[in-house]
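# Structural characterization, general
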Amino acid sequence: MKRTGYCPLTRITVLLIFSNSLSFAGNDVEIVAGGGNTNINASDPFVSTDDSAQLGVDLVVGGLTGGASLSVTTASAGGNTEDGNLTLSAGLDFDGTGANTLTLNGLNNVVLSGSVNDSTPGGDALDLNLNAGPAGTVQLLGATDLGNGTLTATGQGFSLGAGLDATGLDISGITTDSSLGLDLLSVSSLAGAGNDELVGTAGDESVSVTGANAGSIGGLTFSGLGSVDAAGGSDTLDASGQAVALTGTSGQMTAGGMTLSNFEVLSAAGSFAASANADAFDLTGAITANGIDVSALGLGSIDAAGGSDTLNTNADTELTGTAGEALSNGVTVS
């Protein structure tokens, strides 16, 4: 996603395990401001010893030095009457700590309400591992900037709040493990604020547009996005029921209120229109429009609209008698 004021995450790896029937009792742990500790160890590994555990964020940041790998874990100890949620409420600023790893393990949900960032960007990186329980979700609700760090999340669901900047979000690490025999990635979601961008990988991807600013890619559903950049590979767009329009830029279209870039194939659309800019159509083999294969649409006619448009064909072209209209390879172009 693109949002002013935050730096990008470099990689997100998400293994989502779907299981509705599991639930666990455990201690709730909250990471709060200050350097205190209640019902939890005062040093790494930070493990709860009773319900309503609180850990001062200063104790966590203080241990992030020299390539350290710290962990905070919700356990089933003491009263053990809570849900086992782990919540970061305070801001975690890892400025000046170098490159380190922090792992948050929740028996249930792992929720980041507070921000995670390097207040003086450059020179620091935090690898952040968020492990929710088998019935839990990972929720990023605060601004999250890991420098050049890696975010890895495991759980039943993964949601990104409005505070997350993921400019150039790399979804290549989103993985499934078919050996588990479970329904994976079925509840994954990416939510934006209407002007955010999702960037794909260098591999082949299929993107579906299902409505206004909404769709799915690689098993990941998204909403509230302003643009999708399919990046490298041979990428296909399915815009069934949606109005698709060219923009005049190679590989680029609009649909569902989004700008969709670097696509090679359009497999379905509710309607298809050229742009008022200079569009290029090729009928020599597969029917392409600005480098996008639109053969699957079965177009019998193409209205090039405005602009200075070009047509490349290896078949005889016949005028139809209508100004600006011709027939070539069974397609009427006007």
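Residues numbered from 1 in each chain as written. Predicted model: local features only at pLDDT ≥ 70, side-chain atom pairs only at ≥ 80, totals over all residues. Heavy atoms only, no water.

The next subject is the overall build of the chain. Along the chain, the regular secondary structure elements total 1 helix and 31 strands. In the chain, the proportion of contacts linking residues at least 24 apart, taken out of those at least 6 apart, comes to 71%. By element, 49% of the accessible surface of the chain is carried by carbon and sulfur atoms, the whole surface being about 13300 Å². (Helix = DSSP H or I, 4+ residues; strand = E, 2+ residues; numbered from the N terminus. Contact = heavy atoms within 4.5 Å. Areas by Shrake-Rupley, 256 points an atom, 1.4 Å probe, with all protein chains shown as cover.)

Residues Asp44 and Pro45 are joined by a peptide bond in cis, for which omega reads -5°. Located in the positive-phi region is Asn39, a residue other than glycine, with phi close to 55°. Inspection of the secondary structure puts Asn39 in the loop between strand S3 (37–38) and strand S4 (46–47).

A few words on the nonpolar core. Counting residues in each nonpolar core, the largest one holds 32 residues, and the members touching the most others are Val72, Leu92, Leu102, Leu104 and Leu130. Beyond its immediate chain neighbours, meaning those up to four positions away, Leu92 contacts Val57, Val60, Val61, Leu64, Leu102, Ser115, Val116, Asn117 and Leu126. The next biggest cluster of nonpolar side chains, apart from the first, holds 28 residues, and it includes Val209, Met253, Ala289 and Ile302. (Core = buried A, V, L, I, M, F, W, Y, C linked by side-chain atoms within 4.5 Å. Buried < 20%, exposed > 50% of the residue type's maximum accessible area, 1.4 Å probe, protein only.)

We now examine the environment of Gly142. Topologically, Gly142 is positioned in the loop between strand S13 (137–140) and strand S14 (151–155). Residue classification places Gly142 among the buried positions, given a relative accessible area of 5%. Through-space distance from the C-alpha of Gly142 to that of Ala90 is 9.9 Å; in sequence the pair is 52 residues apart.

Close inspection of predicted coordinates is inappropriate for parts of the model with low pLDDT. Mean pLDDT for the chain: 76, with 71% of residues reaching 70 or above. Under a pLDDT of 50 for its full length, residues 162–189 has, in the predicted model, 90 contacts with residues more than four places off or in other chains. (pLDDT = per-residue confidence, 0-100.)

Where strand S17 (residues 206–211) meets strand S20 (residues 236–246), 3 bridges bridge the pair, whose relative direction is parallel. Residue pairing in the sheet places Ser206 in a bridge with Thr236 of S20. Note: S17 against strand S18 (residues 214–217), 4 bridges, orientation antiparallel. Opposite Val209, over in S18, you have Gly215 as the bridge partner. From the end of S17 to the start of S18, which pair antiparallel, there are 2 residues, and Asn213 there has a positive phi angle of about 60°. (Pairing = 2+ DSSP bridges.)

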